[in-house]
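What follows is the residue order along each chain.
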Amino acid sequence: GVVFRAEDPILRRQIALKVMLADADADHISKDRFLREARAQAAVEHDHIVAIHQIGEEGGCPFIAMPLLRGQSLAEALQ
């Protein structure tokens, strides 16, 4: 998947929105794996694991909505 900075239109807050890549979109196995990932992440409460606000599907594209964390990207941290 890919993560975007987005806005929750109802709560009017910035969020991180993870969506499946378009080429994997039609594959039900990929969608199931994406949902399992969200469920596993939501089942764990830890300071180093981001919370899940919502999961869903829009226009056939599954998504996971999470808090937008401030700081540097993984690529920046690895440099």
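Residues numbered from 1 in each chain as written. Predicted model: local features only at pLDDT ≥ 70, side-chain atom pairs only at ≥ 80, totals over all residues. Heavy atoms only, no water.

**What to know about the nonpolar core**
Taken as a class, soluble globular proteins show a tendency for nonpolar side chains to be buried jointly. A16, M20, F34, A38, I64 and M66 form the largest nonpolar core, which has six residues in total. Looking at this core, the elements with two or more residues in it are helix 1 (28–42) and strand 4 (61–67). (Core = buried A, V, L, I, M, F, W, Y, C linked by side-chain atoms within 4.5 Å. Buried < 20%, exposed > 50% of the residue type's maximum accessible area, 1.4 Å probe, protein only. Helix = DSSP H or I, 4+ residues; strand = E, 2+ residues; numbered from the N terminus.)

**A short note on the pattern of salt bridges**
The final tally for this structure, using the stated rule, is two salt bridges. Here E37 and K18 are joined by a salt bridge, their closest N and O atoms 2.6 Å apart. Separated by 19 residues along the polypeptide, E37 in helix 1 and K18 in strand 2 (residues 13–19) bring together distant segments of the chain. For K18, a relative accessible area of 18% corresponds to the buried category. For K31, the salt bridge identified is with E57, shortest N-O distance 3.4 Å. Placement of the pair is K31 in helix 1 and E57 in strand 3 (residues 54–58), with a sequence separation of 26 residues. (Salt bridge = Lys/Arg side-chain N within 4 Å of Asp/Glu carboxyl O.)

**What to know about the pairing of strand 2**
Here strand 1 (residues 2–8) pairs with strand 2 via seven bridges, running antiparallel. Looking at strand 2, one finds that V2 is bridged to V19. Once strand 1 ends, the chain turns through four residues before running back antiparallel as strand 2, passing R12 with a positive phi of about 55°. Of the pairings in the sheet, the one linking strand 2 to strand 4 comprises five bridges and is antiparallel in character. Bridged to K18 within strand 4 is I64. (Pairing = 2+ DSSP bridges.)

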